[in-house]
Amino acid sequence: MSSLPSQLAARIQAVTGVDPQLRPATKPQFGHFQSNVALRLAKEEGRPPRDVAADIVAKLDVEDLCETPDIAGPGFINLRLRSDVLARVASDLITDPNVGIAQVEQPQRVVIDYSAPNVAKQMHVGHLRSTIIGDCFNRVLSAQGHTVIPQNHLGDWGTQFGMLVQYIVEKRIDISEFDLPEVEQLYKDSKKTFDADPEFADRARRRVVKLQGGDEETLRIWRALIDVSLAGFNANYARLSVLLTDDDLAGESTYNDDLPRIVDELEADGLAVEDNGALCVFVEGQDAPMIVRKKDGGFGYDATDLAAIRRRVGKLKADRIIYVTDVRQSHHFEVLFQVARMAGFLPDDVEAQHVGYGMVLGPDGRPFKTREGGTVTLASLLDEAETHAAPNIALAAIKYADLSNGLQKDYVFDAERMVQTTGDTGPYLQYAHARVSQILRKAAAEANPNVDPEADLEAMVWGRISVLDEPAEQQLALLLSRFGEVVEVVAHDLTPHKLCTYLYELAGAYSVFYEQCPVLRSTGEVRGSRLALCAATRRVLGRGLDLLGIDAPDRM
Ligand code: ARG
């Protein structure tokens, strides 16, 4: 079932033939929704707008949803939902397993490429964003009934591993007891040696050949590096409580065997041509070609991504592929998609999208760096936030701060502000959820003094909303009824900040309701109805936070 406003919009469009551009009313006295469609049509038809509006209203069949429509001012059509309709839709949220989120008629297989840290390096602030954002997309699209296939495109291959393995061999280091920060230190040391000692550099290059040739000892150390790194990444994932598991791992090395074949195919098709010793694909509208095989015969990031697309379409049967990375990679993906389409790896009916995100800035408004000028690790950010609040609150603070601005925008990591329980923050929404839970718990205890204080509030029977006489009740029910529609928009546009804004408004409407409409102190039908409003609010706040990957506690 589609949302109330989209049902209304469809009814108006059936009369006018054009999109009524239904908007929330600007003032309560204008009802709930407003359309300027009559003004637009009047201009075209050269008639008085109020006459056009009257004609539309006369033909409009919305009795089952609305009060009689009003024509206001120069010819706006104002609609007010019937109280019983609002009450019904909001009440249904209490028990609907999908909490009003419409299930898609044609579920898609959606590959989401996110997180993708690099072996032998700690995850940094950029990976924090990719992981949080990708995970939110995963939750939102799954909630609509799509099959989401996360792909963690681990950076687990490349010439740097020659250098690192060679260093480990020469220094006779046993890394089995190492943790990720220690391995990262080895990486830095080996790089220093590589830059300073040309003979070591030569040996490191020969080690790359061994790695590519499948030499046993080299592979064994390479695998040990991956194991140590994965342990580190998984510890971060557990702290972030994200959905990613080891099943979602598909590192760059996954595609090694595909690379020569793909490149041969591209060459045979005449798509790839030699240019200065490298094999390149020239793309219309792009200055630089895509390099699918480097001068030295090696394959790089571009070729691997081509192979990954081919597999995601061919083997994983993706209908849609979403990449979540730093916005600075947008050109890479633009070219990649173009080449993949030319090569036939990415058919026209498979959508590929790159969602770029902005930078995390330090308190000084510049890209976040450690005091020494190094990259800030993800773990240290979590630590920092946890000095201000309990882990689940610190995490809510970080995720909400990350998701509540337009993704492309940079944002300042200000832990102290982010953990506040007032203002537009994650903890404020958690707090709203805890407050509404508390009322329900009290009501449950009043009804049955023996009730377990830890009992699941969701499993209790809360009745239905039947009275919406107060404006604050109306406004709350109206916002609740919009949840499904908001999730739809967020899924379509991949804009989590719209869900954040909605939940923030909802928490605000709940506060107003709480101040103006006594719940536990009221009686009879009103009390039952208000409790049901609380139950619906708790459900929507809880589900909404869950879609953001944020824990919704019953107590704070
Ligand atoms: N490992 C890369 C990085 O740390 C991100 C990989 C993104 N995914 C992809 N298919 N290229 O920047």
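Further up the page is the structure itself.
Quick caveat, the model's predicted, so the values are computed rather than measured. (Residues numbered from 1 in each chain as written. Predicted model: local features only at pLDDT ≥ 70, side-chain atom pairs only at ≥ 80, totals over all residues. Heavy atoms only, no water.)

Student: Before we go on, may I ask you to explain the site of the ligand in this structure?
Tutor: Taken together, Asp-113, Ala-116, Asn-118, His-127, His-153, Tyr-301, Asp-305, Tyr-323, Thr-325, Gln-329 and Phe-333 make up the full set of residues near the ligand. For the ligand, a nitrogen atom lies 2.8 Å from a polar atom in the side chain of Asn-118. Between an oxygen atom of the ligand and a side-chain N or O atom of Gln-329, the distance comes to 3.4 Å. Considering the ligand on its own, with 350 Å² of exposed area, one finds that the protein chains cover 87% of that surface. (Near = heavy atom within 4 Å. Polar contact = N/O pair within 3.5 Å; in protein donor to acceptor, adjacent residues only side chain to side chain. Areas by Shrake-Rupley, 256 points an atom, 1.4 Å probe, with all protein chains shown as cover.)

Student: What exactly am I supposed to notice about the pairing of strand β5 (residues 109–113) here?
Tutor: The side chains of a regular strand alternate, residue by residue, between the two faces of the sheet. Here β5 lies mainly inside the structure; four of its five residues are buried. For β5 and strand β6 (residues 147–151), the ladder comprises five bridges, and the chain directions are parallel. Looking at β6, one finds that Val-111 is bridged to Ile-149. Note on the crossover from β5 through helix α5 (residues 125–143) to β6: the handedness is right-handed. Here β5 runs beside strand β10 (residues 320–326); their pairing, made up of four bridges, is parallel. Residue pairing for β10: Val-111 is matched across the bridge by Ile-321. (Buried < 20%, exposed > 50% of the residue type's maximum accessible area, 1.4 Å probe, protein only. Helix = DSSP H or I, 4+ residues; strand = E, 2+ residues; numbered from the N terminus. Pairing = 2+ DSSP bridges. Right-handed = clockwise from strand over helix to strand, strands pointing away.)

Student: Quick question: what am I supposed to make of empty space enclosed by the protein here?
Tutor: Any empty space left between the atoms is revealed when a probe the size of a water molecule rolls over them. Throughout the structure, instances matching the rule amount to one cavity of 30 Å³ or more. What the largest cavity holds in volume is close to 40 Å³. Surrounding the largest cavity, Asn-152, Leu-154, Leu-230, Phe-233, Asn-234, Tyr-237, Leu-244, Thr-245, Asp-246 and Leu-249 form its lining. (1 Å grid on protein atoms, 1.4 Å probe; cavity = no way out; pocket = protein on both sides within 12 Å on 5 of 7 lines; lining within 4 Å. Points joined across faces, edges and corners; volume = space filled by probe spheres on them.)

Student: For this particular structure, what's the right way to read the packing of aromatic side chains?
Tutor: In this description, a pair of aromatic rings is defined by centroid distance and the angle of the planes. Within this structure, the stated rule accounts for 10 aromatic pairs. Consider the rings of Phe-368 and Phe-413, whose centres lie 5.9 Å apart with planes at 40°: the pair is tilted. With Phe-368 in the loop between β12 (360–361) and α13 (378–386) and Phe-413 in the loop between β13 (411–412) and α15 (415–418), this residue pair connects regions lying 45 residues apart in the sequence. Note on Phe-413: relative accessible area 3%, which makes it buried. Joined through ring pairs, the aromatic side chains of Tyr-323, Phe-333 and Phe-337 make up one cluster. Geometry around Phe-345 places Arg-310 over its ring, the cationic atom sitting 5.5 Å from the centre. Sitting over the face of the ring of Tyr-514, Arg-435 holds its NZ or CZ atom 5.0 Å from the ring centroid. (Phe/Tyr/Trp six-rings, centres within 6.5 Å; stacked < 30°, edge-to-face > 60°. Lys NZ or Arg CZ within 6 Å of the ring centre and 35° of its normal.)

Student: Any chance you could explain the sheet that holds β10 here in plain terms?
Tutor: Whether parallel or antiparallel, the strands of a sheet pair through hydrogen bonds between backbone atoms. The sheet built from four strands is open, its strands ordered β6-β5-β10-β11 with parallel pairing. On the outer flanks of this sheet lie β6 and β11 (351–357), each paired with one strand and no other. With direction set aside, neighbouring strand axes in the sheet form an average angle of 20°. Against the sheet, α5 makes contact with β5, β6, β10 and β11, and its axis sits at roughly 155° relative to β10, the strand it touches most. Where helix α11 (residues 301–314) meets the sheet, it contacts β5, β6 and β10, and its direction lies at approximately 150° from that of β10. (Axes fitted to C-alpha atoms, helices over the stretch in contact; angles between N-to-C directions. Contact = heavy atoms within 4.5 Å.)

Student: Just checking my understanding: could you explain the environment of His-332 for this structure?
Tutor: For His-332, the location among the structural elements is in helix α12 (residues 330–342). Under the relative-accessibility criterion, His-332 is labelled buried at 14%. Along the chain, His-332 and Val-208 lie 124 residues apart, while their C-alpha atoms are 25 Å from each other. What His-332 contacts, discounting residues up to four positions off in sequence, is Tyr-301, Asp-302 and Asp-305.

Student: Looking at this model, I keep getting lost on the pattern of salt bridges. Mind explaining?
Tutor: Opposite charge on two side chains makes pairing possible when the charged atoms of those side chains draw close. What the rule picks out here adds up to 29 salt bridges. Across the pair Asp-546 and Arg-139 runs a salt bridge, and its minimum N-O distance is 3.4 Å. Here the residue Asp-546 occupies a position in helix α20 (residues 524–547), and Arg-139 occupies one in helix α5, the gap between them amounting to 407 residues. Notably, a salt bridge pairs Arg-527 with Glu-446, separated by 2.7 Å at the nearest N-O pair. Placement of the pair is Arg-527 in helix α20 and Glu-446 in helix α16 (residues 426–447), with a sequence separation of 81 residues. Each of Asp-135, Arg-139, Arg-543 and Asp-546 takes part in salt bridges that share partners, so that together they form one network. (Salt bridge = Lys/Arg side-chain N within 4 Å of Asp/Glu carboxyl O.)

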